[in-house]
Amino acid sequence: MSRISAFFTGWVLTMVCASSAWAQELPTPSFPVPWQLNLQTPASPVAEQLVEFHNFLLVICTVISLVVLALLLWCAFRYNAKANPVPSKNAHNTLLEIAWTAIPVIILVVIAVPSYRLLYYMDRIEDPELTVKVVGNQWYWTYEFPDYDISFDSLPLQDDEIDVAAGQHRLLEVDTPLILPTDTDIRILFTATDVLHAWTIPAFGVKLDSVPGRTNETWTRITIPGKFYGQCSELCGINHSFMPIVVHAVSPEEFEAWRASELAANDNTPDDANRFAALIQE
Ligand SMILES: [Cu+2]
């Protein structure tokens, strides 16, 4: 019996140490850098399609802008009073009027079809392998894994707790990140306890309101392991800009190890509640 419990304790300790080790080693594949162009590196199929759609729209915008610019320049140079002293008296041109009505309609339809297809794709997933529930609070996040009875708060780190040498970023770090497995269909449910919040991770293409008394749903499938950052994107009160989101995306095996260690420990809630009570008194 004692050998079994010693083995189990050792295994749990190894897993806990391993979990803090990944935190140090995890790369940040989608972190923005100064003077960066384009969107953050996508880390989910939805984010990849969002980037593709953005690029597609950029081409359409550029073509429209160039055509309008060319028309303006043509009119300004070819038809100014000096170059064209006898102006045309035409007031109507049926073909032209049909064209400038129909072409924008066609462009809008060309944009609308992939847009609605993507909206539908982002909406929900039929057979999720994992469900995580995100609860917005003023001003921190609570994460729950309803299937595993795991729940914890994720509180922002204060300025004096940030370790810049270890690659931490001011206003973006939390004490307890959300751990999620890669290559897994994850259903994400959102709600809130007080006001509207919005859970946002640009690299996953996820931005959804968490609404008190209501459950919103979306999904993700993380394709790259690493540490991903986000922030609350709904004006939710005075500390709106101080409720960062950190997700550690790890392999399914590492997630399993974390889940087992979390279930074994399972005593994190009172500490977090006390810590937050102390924070809001400052
Ligand atoms: Cu918020």
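The shown structure was predicted, so the numbers you read here are calculated from the model rather than taken from an experiment. (Residues numbered from 1 in each chain as written. Predicted model: local features only at pLDDT ≥ 70, side-chain atom pairs only at ≥ 80, totals over all residues.)

Q: Describe the confidence of the model for the protein, with residues and values.
A: Taken over all residues, the pLDDT of the protein has a mean of 87, while the share at 70 or more is 86%. Taken as a whole, residues 1–23 scores under 50 in pLDDT and shows 13 contacts with residues more than four places along the chain or in a different chain. (pLDDT = per-residue confidence, 0-100. Contact = placed C-beta atoms within 7 Å.)

Q: Please give an account of the nonpolar core that cites residues and values.
A: In terms of nonpolar packing, the biggest core is built from 38 residues, with Val-134, Leu-180, Phe-204, Phe-228 and Val-247 touching the most fellow members. Every element with two or more residues in this core is listed here: strand S1 (130–137), strand S2 (140–145), strand S4 (178–181), strand S5 (186–192), strand S6 (197–201), strand S9 (226–231), strand S10 (244–250) and helix H4 (252–265). (Core = buried A, V, L, I, M, F, W, Y, C linked by C-beta atoms within 7 Å. Buried ≥ 20, exposed ≤ 12 C-beta atoms within 10 Å, placed from the backbone. Helix = DSSP H or I, 4+ residues; strand = E, 2+ residues; numbered from the N terminus.)

Q: Kindly report on the sheet that holds strand S3 (residues 150–154), identifying the contributing residues and their values.
A: Strands sit in the order S3-S2-S1-S5-S8 across an open sheet of 5 strands; the sheet is mixed. One side of each edge strand has no neighbouring strand; the edge strands of this open sheet are S3 and strand S8 (216–220). In this sheet, neighbouring strand axes are inclined to one another by 25° on average, regardless of whether the strands run parallel or antiparallel. Looking at chain direction, S1 and S5 are connected through 7 bridges and run parallel. (Pairing = 2+ DSSP bridges. Axes fitted to C-alpha atoms, helices over the stretch in contact; angles between N-to-C directions.)

Q: Tell me about H4, and name the residues and values.
A: An α-helical segment advances 3.6 residues per turn. Residues three or four places apart therefore align on the same side. Over its 14 residues, H4 extends 20 Å from the first C-alpha to the last, a length consistent with the 20 Å expected when each residue adds 1.5 Å. Here H4 has its buried residues at Ala-257, Trp-258 and Glu-262. The buried residues of H4 occupy an angular sector of 135° when projected down its axis, which confines them to one face. Just downstream of H4, Asn-266 is the residue with a positive phi angle, here 45°. (Expected span 1.5 Å × (residues − 1). Arc of directions from axis to C-beta.)

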